[in-house]
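Examining the three-dimensional arrangement
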Amino acid sequence: MGKNLFLRGMIYGAIAGGALSLLDKQTRHAMKVNVKKVYEQVSYVVHHPSELTENVKETAEKIRNTIEQVSEDISYITGKVDELRELTPQVKERVMEAINTFDDTNSDLMEDLLKEVKVEEETSIN
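Residues numbered from 1 in each chain as written. Predicted model: local features only at pLDDT ≥ 70, side-chain atom pairs only at ≥ 80, totals over all residues. Heavy atoms only, no water.

When helices and strands are tallied, the protein shows three helices and zero strands. Helices and strands appear in the protein in the N-to-C order α-α-α. Buried residues in the protein amount to 0% of all 126 residues. (Helix = DSSP H or I, 4+ residues; strand = E, 2+ residues; numbered from the N terminus. Buried < 20%, exposed > 50% of the residue type's maximum accessible area, 1.4 Å probe, protein only.)

Structural data, given as structure tokens:
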């Protein structure tokens with residue numbers, strides 16, 4: 001029974017507070033304008049329910065298309081990440097092979113390059 005009185009008291013208090021606030025002329029004017037706007041909007045919707053239905057359908061379709069697009073983008077990105085995961089060890093292996101090859105032939109290659117540089121310097125000086 002205590003809850004019932006509490007709820008009634010809240011409702012009566014809200015009604016009393018609303019009624020007291022309407023004693024102010026500016027508040028009454030603002031409430032009149034707002035109630036008129038809401039009445040016009042509700043009246044329009046009541047007289048044109050198909051338009052509201054069409055707007056809701058269009059919005060739902062846009063949301064569905066956006067979700068599909070995001071899903072496709074996520075799938076594409078996931079595929080590319082998987083490809084990178086597969087390629088990374090292969091690329092690392094090839095780079096290591098290249099480094100090892102250059103390390104083995106590095107001294108011979110450097111000597112050949114130095115010889116070519118010396119020949120070009122001598123040719124350009126003469």
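With that settled, the discussion passes to the pattern of salt bridges. Applying the stated criterion across every chain, the model contains four salt bridges. Residues K80 and E83 are paired through a salt bridge, measuring 3.8 Å at the closest nitrogen-oxygen approach. Of this pair, K80 and E83 both sit in helix α3 (residues 49-125), three residues apart, which is roughly one turn of that helix. Overall, K80 belongs to the partly exposed group, its relative accessible area being 36%. Accessibility expressed as a relative area gives 40% for E83, which makes it partly exposed. For D82, the salt bridge goes to R85, with nearest N and O atoms at 3.7 Å. Residue D82 and its partner R85 are located together in helix α3, separated by three residues, close to a single helical turn. Overall, D82 belongs to the partly exposed group, its relative accessible area being 34%. Each member of the salt-bridge network shares a partner with another, and the members are E61, R64 and E68. (Salt bridge = Lys/Arg side-chain N within 4 Å of Asp/Glu carboxyl O.)

Here we take up a nonpolar patch on the surface. A cluster of nonpolar side chains, namely L7, I11, Y12 and I15, defines an oily patch on the protein surface of about 440 Å² accessible area. By secondary structure assignment, the location of L7 is in helix α1 (residues 2-21). (Patch = residues over 30% accessible without salt bridge, like charges linked within 9 Å, V, L, I, M, F, W, Y side chains within 5 Å. Areas by Shrake-Rupley, 256 points an atom, 1.4 Å probe, with all protein chains shown as cover.)

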